[in-house]
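# Descriptive analysis of the structure
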Amino acid sequence: MLGSVAPLRNLEAPVTYDVIIRDGLWFDGTGRPPRTRTLGIRDGLVVAVVGPADGPLDETGCPEVIDAAGKWVVPGFIDVHTHYDAEVLLDPGLPESVRHGVTTVLLGNCSLSTVYADSEDAADLFSRVEAVPREYVHGALASRRTWSTAAEYVEAIDALPLGPNVGSLLGHSDLRAAVLGLDRATDAGAQPTAAELEKMAALLDDALDAGMLGMSGMDAAIDKLDGDRFRSRALPSTFATWRERRKLIDVLRRRGRMLQSAPDIKNPASGLLFFLASSRIFGRGRGVRMSMLVSADAKSMPLAAHTFGLGTRILNKLLGSDVRFQHLPVPFELYSDGIDLPVFEEFGAGTAALHLRDQLQRNELLADQSYRRRFRREFDRRKLGPSLWHRDFHDAVIVECPDRSLIGKSFGAIADERGLHPLDAFLDVLVDNGERNVRWTTTVANHRPRQLDKLAAEPSLHMGFSDAGAHLRNMAFYNFALRLLKRTRDAERAGAPFLSVQGAVHRLTGELADWFGIDAGTLREGDRADFVVIDPAGLDESVDAYHEEAVPHYGGLRRMVNRNDGAVVATGVGGAVVFRAGRFRDGYGRTVRSGRYLRAGARRGSPAVSA
């Protein structure tokens, strides 16, 4: 049986390994119970998995031996929802994910990719939506773009000194902007001609030929364009009709590929349309896998957590569809500098303020009484409908402010003290102290541990939606996998398990790899050696702590990060140890390549390309 028999040895030559992981508690990523094993790795693959009764592996000549006694050895984590599309060009090591055990990331989510649209259009599509400085996004694309086709894009990414493995989707907004032009693509009165629809379908086909996993979309009009030309228009994909979407989904159906998208929360019926589009019944016997945003126990919609799992399973069964919802398995805590938070795009008045980049102009607008009356009307009216944000300023606490007497207070408490509408108190504090000088925090979802545990065990959900590489000042979930493992381990210790540790590992690795169709997620003989060695003693309060780190390739911007290096003993990608004892190997992400581009349908267990 796999993993139970020592490998045969050539008696004429010593067996050598590139890495040996000795005596760790080994999780293979399939959900089977862990066992104490020693792993031998050579040429990027796991070539030996032996138990204590088989005797030790010969460590002669092995340059990297990891003593994993008392540690967990698990497949590298998969992050299916990142926005590293620009950052991978500037820092291909993507260390903020890899240091937390992530060895595979997926790009091109939420209709945003950098495949077909030109550099200026791509920067306008990407920067404001994902809260990444536009000048650096545009600079990265303008100076490092070498592709004009999807095949050339894949080759260009694969040629980078990648740290983790990378897979990607083609963004619908990228595709639409390239075919229609960004102006027409964001004009509600302009729809593609039959010839343009055929061109979009052909370009999507080309992307799938190149090895991309599928397409991503976005129906919710909350996300807005950056730049000067069409600033504050919604993303192109939100203007697409279902005739256009069906045309592209038919390509995915024919090719057996997937769609990632987000329904419009203002139109609940849009969610049902995705189930129908996924269905085998309405697809002549062929379904389409769909990964939707987003499942959460939202404070603004407290009943939603009770419907996601059961409702999704019932609809999938009745309609013969395959829809999953992505889920962040940790409390959804957000930070904001002033009003620079995407949830304010839910309000027309919020979009009007975010439209202004000049700080003085924005402060003047926030102080204007007619503007405030409009904002109050919209704010109070939104309480009657679905929304992403709970809009409770009593649950919004100031953490940085020039007026230090306000630190630690909620805007709601300040409103009570001053006898003001909470929105007026919020805007007063921003205007008085300089809008971007006031930093505050709130938790918008996943605040109830019991509901969070239920969602983590729900089979119709994906463990994803970290948004790694985006919203740099708003949130940091790079270590979401470690945080889920901590909660799982703690619940077992407390005698109230909601998921086994091996089940949690499977949800973070093999389950995702199987559903998305990528060569990753398991750690058995013959598999590519992407792995994490975890010290369970390091799964402590540090995984939830707040940290910031300057980002050199974004002009020194201080972004939110996670720092719990006591938990990760080592991360390996493609058979090479790239992170160990809190440090990356020399040349990591610059001259040393460990990861590769994962093409759809690639053979499981094929070795990584050497550096």
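Residues numbered from 1 in each chain as written. Predicted model: local features only at pLDDT ≥ 70, side-chain atom pairs only at ≥ 80, totals over all residues. Heavy atoms only, no water.

The name an unreviewed UniProt entry gives the protein chain is Amidohydrolase family protein, with Mycobacterium servetii as the organism.

## Points about the overall build of the protein chain
Applied cut-off: Secondary structure elements follow DSSP: runs of H or I no shorter than four residues count as helices, runs of E no shorter than two count as strands, and numbering proceeds from the N terminus. For a compact globule the rule gives 2.2 Å times the number of residues to the power 0.38, and the radius of gyration it is set against comes from C-alpha atoms. Summary of the burial criterion: residues with accessible area below 20% of their type's maximum are buried, those above 50% are exposed, and those between are partly exposed, where the area comes from a 1.4 Å probe applied to protein chains only. By definition in these notes, contact holds between two residues if any of their heavy atoms fall within 4.5 Å. The Shrake-Rupley method, run with a 1.4 Å probe sphere, supplies the accessible areas, and residue values consider only the shown protein chains as cover. Charge assignment: positive for Lys and Arg, negative for Asp and Glu; neither His nor the chain ends contribute. Taken as the charge centre is NZ of Lys, CZ of Arg, CG of Asp or CD of Glu, depending on the residue.
Secondary structure summary: the protein chain contains 20 helices and 23 strands in total. Its C-alpha atoms give the protein chain a radius of gyration of 24 Å, near enough to 25 Å, the size a compact globule of 611 residues would have. With the principal axes as the frame, the protein chain shows a C-alpha extent of 85 × 60 × 50 Å. Of all 611 residues assigned to the protein chain, the portion counted as buried reaches 61%. Across the protein chain, the fraction of contacts at a sequence separation of at least 24, relative to all contacts at a separation of at least 6, is 75%. For the protein chain, the exposed area adds up to about 22400 Å²; of that, 53% sits on carbon and sulfur atoms. Once the 76 positive and 80 negative side-chain charges of the protein chain are each reduced to a mean point, those two points are 4 Å apart.

## Notes on the packing of aromatic side chains
Spelled out, the test is: Each Phe, Tyr or Trp ring (for Trp, its six-membered ring) is paired with any other whose centre lies within 6.5 Å, and the angle between the two planes then decides the class: stacked below 30 degrees, edge-to-face above 60, tilted in between.
On inspection of all chains with the given rule, the structure shows 27 aromatic pairs. Residues Phe 347 and Trp 389 carry aromatic rings whose centres are separated by 6.4 Å and whose planes lie at 80 degrees to one another, so their mutual orientation is edge-to-face. Of this pair, Phe 347 sits in the loop between β14 (332-337) and α12 (348-355) while Trp 389 is found in the loop between α14 (369-382) and β15 (397-400), placing the two residues 42 residues apart along the sequence. With relative accessibility at 1%, the residue Phe 347 sits in the buried group. Residue Trp 389 is classed as buried on the basis of its relative accessible area, which comes to 0%. Among the aromatic residues, those joined into a cluster by ring pairs are Phe 344, Phe 347, Tyr 371, Phe 375, Phe 379, Trp 389, Phe 393, Phe 411, Phe 426 and Trp 440.

## Remarks on helix α13 (residues 359-367)
Helical periodicity: at 3.6 residues per turn, an α-helix aligns residues three or four positions apart in one direction. Rules: The directions from the helix axis to the C-beta atoms are what the arc is built from. In the analysis that follows, any N or O atom pair within 3.5 Å is treated as a polar contact, provided that within protein one partner can donate a hydrogen and the other can accept it, and provided that, for residues neighboring in sequence, both atoms belong to side chains.
Every buried residue of α13 is accounted for by Arg 362, Asn 363 and Leu 366. Angularly, the buried residues of α13 cover 100 degrees about the axis, an arc narrow enough to put them on a single face. In α13, the exposed positions that point more than 90 degrees away from the buried face belong to Leu 360 and Glu 364. N-capping of α13 is provided by Asp 358, with a side-chain oxygen placed 3.2 Å from the backbone N of Leu 360.

## Here we look at helix α11 (residues 308-319)
Definition in use: To estimate the expected span of a helix, subtract one from its residue number and multiply by 1.5 Å.
Its twelve residues place the ends of α11 16 Å apart at the C-alpha level, agreeing with the 16 Å of an ideal helix rising 1.5 Å per residue. Listed in full, the buried residues belonging to α11 are Phe 308, Gly 309, Thr 312, Asn 316 and Leu 319. Down the axis of α11, the smallest arc covering the buried residues is 130 degrees, so these residues share one side. Away from the buried face of α11 by more than 90 degrees, exposed residues Lys 317 and Leu 318 are located. Here the buried face of α11 lies against α10 (269-278), β12 (289-295) and β13 (322-327).

## Quick notes on the sheet that holds strand β6 (residues 77-79)
Quick reminder of the rule: Strands are treated as partners if at least two bridges between them are detected by DSSP. Structural elements are reduced to axes, namely lines fitted to C-alpha atoms, with helices fitted over the stretch in contact, and the angle between N-to-C directions of any two is expressed from 0 to 180 degrees.
Reading across from one edge, β6-β7-β8 is the order of the three strands in this open sheet, with parallel pairing throughout. Two strands in the sheet have a free side with no partner beyond their single neighbour: β6 and β8 (165-168). Taken pair by pair, the neighbouring strands of this sheet meet at an average axis angle of 20 degrees, ignoring direction.

## Topic: the pattern of salt bridges
What counts is decided by this rule: Salt bridge, as applied in this entry: a Lys or Arg side-chain nitrogen positioned within 4 Å of an Asp or Glu carboxyl oxygen.
Applying the stated criterion across every chain, the model contains 50 salt bridges. The residue Arg 255 makes a salt bridge to Asp 209 at a minimum N-O spacing of 2.9 Å. Note that Arg 255 is positioned in helix α9 (residues 242-255) and Asp 209 in helix α8 (residues 194-209), a separation of 46 residues in sequence. Residue classification places Arg 255 among the partly exposed residues on the basis of a relative accessible area of 25%. Judged by its relative accessible area of 54%, Asp 209 falls in the exposed class. We note a salt bridge from Arg 596 to Asp 519, for which the minimum N-O separation is 2.6 Å. Separated by 77 residues along the polypeptide, Arg 596 in the segment after β23 (583-584) and Asp 519 in the loop between α20 (510-516) and β18 (531-534) bring together distant segments of the chain. The network of salt bridges with shared partners includes Glu 120, Asp 121, Asp 124, Arg 134 and Arg 229.

## Topic: a nonpolar patch on the surface
Put simply, the rule reads: Two joining distances apply to patches: 9 Å for like charges and 5 Å for nonpolar side chains (Val, Leu, Ile, Met, Phe, Trp, Tyr), and every residue must have over 30% relative accessible area and no salt bridge.
A contiguous nonpolar surface patch, about 300 Å² in accessible area, is contributed by Leu 310, Ile 314 and Leu 318. You can see Ile 314 is positioned in helix α11. What makes Ile 314 partly exposed here is its relative accessible area of 41%.

## Description of the UniProt feature "domain: Amidohydrolase" (unreviewed entry) in the protein chain
Note the cut-off: UniProt positions are given in the numbering used here, feature names are shortened, and annotations may be inferred rather than shown by experiment.
The feature "domain: Amidohydrolase" (unreviewed entry), as annotated in UniProt, sits at residues 64-217 in this numbering. Secondary structure across residues 64-217 divides into 45% helix and 17% strand, with the first and last C-alpha atoms of the span separated by 43 Å.

## Comments concerning the pairing of β12
Basically, it comes down to this: A clockwise course of the path from the first strand over the helix to the second, judged with the strands pointing away from the viewer, identifies a crossover as right-handed.
Counting buried residues in β12 gives six out of seven residues, a clear majority hidden from the surface. Pairing analysis gives three bridges linking strand β11 (residues 258-261) to β12, with the strands arranged parallel. Of the residues in β12, the one forming a bridge with Ser 261 is Met 292. In this region the chain leaves β11, passes through α10 and returns to the parallel neighbour β12; the handedness of that crossover is right-handed. Note: β12 against β13, five bridges, orientation parallel. Paired with Ser 295 across the two strands is His 327, which belongs to β13. This β-α-β element, β12 to α11 to β13, shows right-handed connectivity.

## Things to note about the sheet that holds strand β17 (residues 461-463)
In spatial order, the strands read β9-β10-β11-β12-β13-β17; together these six strands make up an open sheet with parallel pairing. Each edge of the sheet is formed by a strand with only one pairing partner; in this case those strands are β9 (170-171) and β17. Of the pairings in the sheet, the one linking strand β10 (residues 214-216) to β11 comprises three bridges and is parallel in character. Across the sheet, the residue bridging to Met 215 is Leu 259, located in β11.

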